[in-house]
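Observations on the model geometry
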Amino acid sequence: MILRLLSAALAGLALLAQAEARTIVDSAGRAVAVPDRVERVFASGPPASIVIYALKPEALLGWPRALRGYEKPYIAPAYRELPETGRLTGRGGEANLERVLALKPDLIVDFGSVRGTYIDLANRVQDQTGIPYILVNGRFAETARSLRLLGRALGVEARAEALAGDAEATFAALDDALGAVPMDRRPRVYLARGPDGLETGLRGSINTEIIERAGGRNVADVPGRRGLIQASPEQVIVADPDTIVTWDRIFYARVWRDKLWRGVAAVRAGRVYLSPTAPFGWIDRPPSVNRLMGLKWLAGLFYPELWTGDLRRDAARFYRLWYRVELDEAALDRLLEWARGRAP
């Protein structure tokens, strides 16, 4: 009953405000009436929260999961203590609509997949609450376009243009440095997720497209399928990747001694790399604009002779531009502790 009353009230307000609204065509082709001034934004999940923070942090109503202590130094001080809002999408989508309504957002944003499941959710939530809900494509290939789209929706076109230009420059530099490397000379890479390393993403999935974009070949490939899977130990052994990347510290600590993994080429060669994860992962977790820093890191690991960027300098610059924080030397040391692949 409460939800129906609140929904009706907000729907009425939305009709009154239509004269002051703009129409934004989102990445799914949906025409959405968005208020002329967007000051309060609910992020439907972690990927959306990162891109909203990068573009217009003062509008972000909270983090889907509250920041942990080790993550906070890598975020501008004013936004470290934002409340936990929960999420509408993905694993653990526990935010109920009453909670969303109580926050009184001007706009709900989802950043990531724009397939049918997410379109249906956006339409349903928008119909039930009267709150405009836009879907923004989170694929690497759409990064610049998506930043500009969201910049228009949030009214921060100049900021969006600066970030879109930086993303385009990163992609262009990668293509220039690595584009001539033939496929059969590219590293064969496995993304090890979770403490046992057996969760991974199939080639072409949003969680692992960073591998291919950085010039690697994802060994987890099932033609016609995408997304996360649970691999078997036998599949990993047969695939025998020459490079493994992970964000899980438990896995990284045990992989060097585990009988299953010791025979894999990447472990024998010492080519297992632990991604920094503060404030967000460089590989995925979540797959948002945070991965742009991961592209530079992976390119340097895969092709040290071709990609000659300075990781420390690049990280400091990325965090300054995208996360609005100036990292001191100690913070950079902590961030990059394992990024060069030192075994524990």
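Above this note sits the structure.
To start, this report covers the structure provided alongside it. Here, residues in each chain are numbered from 1, in the same order as that chain's written sequence. With the structure being a predicted model, the display of local features is reserved for residues of pLDDT at least 70 and the display and counting of side-chain atom pairs for 80 or more, all residues being used for whole-chain, interface and lining totals. With hydrogens and water set aside, each side-chain value is computed from the structure's full complement of heavy atoms.

Points about the sheet that holds strand E11 (residues 272-274)
Taken in spatial order, the four strands line up as E8-E6-E10-E11 in an open sheet, and their pairing is parallel. Looking along the sheet, the strands with just one partner apiece sit at the ends: strand E8 (217-218) and E11. Helix H12 (residues 291-302) contacts strand E6 (188-192), strand E10 (243-246) and E11 of the sheet and is inclined by roughly 160° relative to E11. Here, strands pair whenever DSSP counts at least two bridges between them. Counting from the N terminus, the helices are the DSSP runs of H or I reaching at least four residues and the strands are the DSSP runs of E reaching at least two. In what follows, a contact means two residues having at least one pair of non-hydrogen atoms within 4.5 Å. To obtain an axis, a line is fitted to C-alpha atoms, over the contacting stretch when the element is a helix, and the angle between two such axes runs from 0 to 180 degrees between their N-to-C directions.

A word on the packing of H12 against helix H13 (residues 311-323)
Where H12 contacts H13, the two axes come as close as 10 Å, and the packing angle between them is 170°. The orientation of H12 relative to H13 falls into the category roughly antiparallel. Contact residues: Leu 292, Met 293, Lys 296 and Trp 297 in H12; Leu 311, Asp 314, Ala 315, Arg 317, Phe 318 and Trp 322 in H13. Looking at side-chain class alone, the contact of H12 with H13 contains seven nonpolar, no polar and three charged residues. Should an angle fall under 35 degrees it is called roughly parallel, over 145 degrees roughly antiparallel, and 65 to 115 degrees roughly perpendicular, with every other angle called oblique. Here the term charged refers only to Asp, Glu, Lys and Arg, the term nonpolar to Ala, Val, Leu, Ile, Met, Phe, Trp, Tyr, Cys and Pro, and the term polar to all other amino acids, Gly among them.

Some remarks on the side chain of Ser 49
With respect to the helices and strands, Ser 49 occurs in helix H2 (residues 46-55). We define a polar contact as two N or O atoms separated by no more than 3.5 Å, with the added condition that, inside protein, one atom must be a possible hydrogen donor and the other a possible acceptor, whereas residues neighbouring each other in sequence contribute only through side-chain atom pairs. In terms of polar contacts, Ser 49 uses its side chain to reach the backbone carbonyl oxygen of Pro 46, at 2.7 Å. Leave out the neighbours within four places in its chain, and Ser 49 touches Ala 43, Leu 60, Trp 63 and Pro 64.

Side note on helix H4 (residues 116-129)
For H4, spanning 14 residues, the distance from its first C-alpha to its last is 20 Å, which sits close to the expected 20 Å at 1.5 Å a residue. All of the buried residues along H4 are Tyr 118, Leu 121, Ala 122, Val 125 and Thr 129. On an axial view of H4, the arc spanned by its buried residues comes to 100°, and they lie on one face. For a helix, the expected span equals 1.5 Å multiplied by the residue count minus one. The classification of residues rests on relative accessible area computed with a 1.4 Å probe and restricted to protein chains. Under 20% of the type maximum is buried, over 50% is exposed, and intermediate values are partly exposed. This arc describes the spread of directions from the helix axis toward the C-beta atoms.

A word on the environment of Pro 132
Tracing the chain through its elements places Pro 132 in the loop between H4 and strand E5 (133-137). Sequence-distant contacts of Pro 132, that is, excluding residues within four places in its chain, are made with Val 32, Ala 33, Pro 35, Asp 106, Leu 107, Ile 108 and Gln 126.

Some words on the pairing of E6
Of all five residues in E6, four are buried; the element is thus mostly enclosed. Sheet topology places E6 next to E8; two bridges connect them, and they run parallel. The residue bridging Val 189 from the neighbouring strand is Asn 218, located in E8. One ladder, built from four bridges, connects E6 with E10; its direction is parallel. Within E10, the position partnered with Tyr 190 by the bridge is Ile 244.

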